[in-house]
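A structural walkthrough
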Amino acid sequence: MTANRTLIIPRGPDSERDAVAEAWQAGGNPVERLDKFWQPPPSLASGQVCLYGPVIFCEVLAQLLNLQLVSPAEDLLVSLPRPFIRRDIRLMSLREALALRQPRFLKPLQPKLFTAGVYPGGEELQSATQGLEPNTLLLASEVVHFQAEVRLFVHRGIVLDACLYQGQAKFSGAIDVATELAQFPGLPNSYVADLGLLEETWVVVEFNPAWGAGLNGCSAYRILPAIAGATLCKPSS
């Protein structure tokens, strides 16, 4: 982790962010807690900062401070080789999804546009997506049941830490899959992967950016390189 970088997090208590802040400070680096994050102090404009927090918090600050947030592509799942997902996942428009006649797990490509979940048909989806354009893109996945789920923080191809956060299972196999997955060319240097146990095989559930992902039981000390690597300075124009 680069020394003398300030970690910026929201003001207010949060057990996971507090743990990350404590680990960051233990490494000799400062932490800045912001309330009015849309008005960051001029002292943070040097670029020697990292962000960790909710999507709006990080995206607004990244724009104001000329930073680049490192995130997995929203449609990355559809480009993975079949052995990493073992279910049907497609990118489609809202118009196409409204015509589906069987249940699907639906998730907006742009986060938070509507609540991700299993939609049994078009009527329920129509209600949840009122006001959205018909060409709004989403991911449609075959409905499956994961016996267990693991969160893994990855940086430069190395799994920094992993923790089972749902179900019961030995998850050493998930670490092996995540290590193999890290060689896939579409992945950034820092990211979080959630893997699920599907019919005795660990597969990818979803990806998340390290700058906004909760720990879900992972060690704040071990995963700091992933958080540090998830914020970059934009080159000067």
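So, here is what we can say about the structure in this document. Predicted model only: the values in this text are computed from it and were never measured.

**So, unusual backbone geometry**
A positive phi angle, near 55°, is found at Arg-86, a position not held by glycine. Mapped onto the secondary structure, Arg-86 falls in the loop between helix 3 (76-79) and strand 5 (89-93). Residue Arg-86 is classed as partly exposed on the basis of its relative accessible area, which comes to 44%. Positive phi outside glycine occurs at Arg-156, with the angle close to 55°. As for its placement among the helices and strands, Arg-156 is situated in the loop between strand 9 (148-155) and strand 10 (158-167). Note on Arg-156: relative accessible area 65%, which makes it exposed.

**Quick word on the packing of aromatic side chains**
Two descriptors summarise a pair of aromatic rings, namely the distance from one centre to the other and the angle between the planes of the rings. Across all of its chains, the model carries four aromatic pairs by this definition. Ring geometry for Phe-114 and Tyr-119: centres 6.1 Å apart, planes at 75°, overall edge-to-face. The exposure classification of Phe-114 matches that of Tyr-119, with both residues buried. Summarising the aromatic geometry, the rings of Tyr-191 and Phe-207 are spaced 5.9 Å apart at their centres and angled 75° between planes, so their arrangement reads as edge-to-face. With Tyr-191 in strand 11 (residues 190-198) and Phe-207 in strand 12 (residues 201-208), this pair connects stretches of sequence that are 16 residues apart. Comparing Tyr-191 with Phe-207 shows no difference in burial state: the two are buried. The rings of Phe-37, Trp-38 and Phe-57 are connected pair by pair, giving a single aromatic cluster. The ring of Tyr-165 has Arg-151 sitting right over it, with the charged end atom 5.9 Å from the ring centre.

**Some words on helix 2 (residues 55-64)**
Those residues of helix 2 that sit buried are Phe-57, Cys-58, Leu-61 and Ala-62. When helix 2 is viewed along its axis, its buried side chains cluster within an angular range of 120° and face the same direction. Opposite the buried face of helix 2, by more than 90 degrees, sit the exposed residues Ile-56 and Gln-63. Those residues of helix 2 hidden inside the fold are in contact with strand 1 (6-10), strand 2 (31-34), strand 3 (49-51) and strand 4 (67-69).

Definitions and cut-offs
Residues numbered from 1 in each chain as written. Predicted model: local features only at pLDDT ≥ 70, side-chain atom pairs only at ≥ 80, totals over all residues. Heavy atoms only, no water. Helix = DSSP H or I, 4+ residues; strand = E, 2+ residues; numbered from the N terminus. Buried < 20%, exposed > 50% of the residue type's maximum accessible area, 1.4 Å probe, protein only. Phe/Tyr/Trp six-rings, centres within 6.5 Å; stacked < 30°, edge-to-face > 60°. Lys NZ or Arg CZ within 6 Å of the ring centre and 35° of its normal. Arc of directions from axis to C-beta. Contact = heavy atoms within 4.5 Å.

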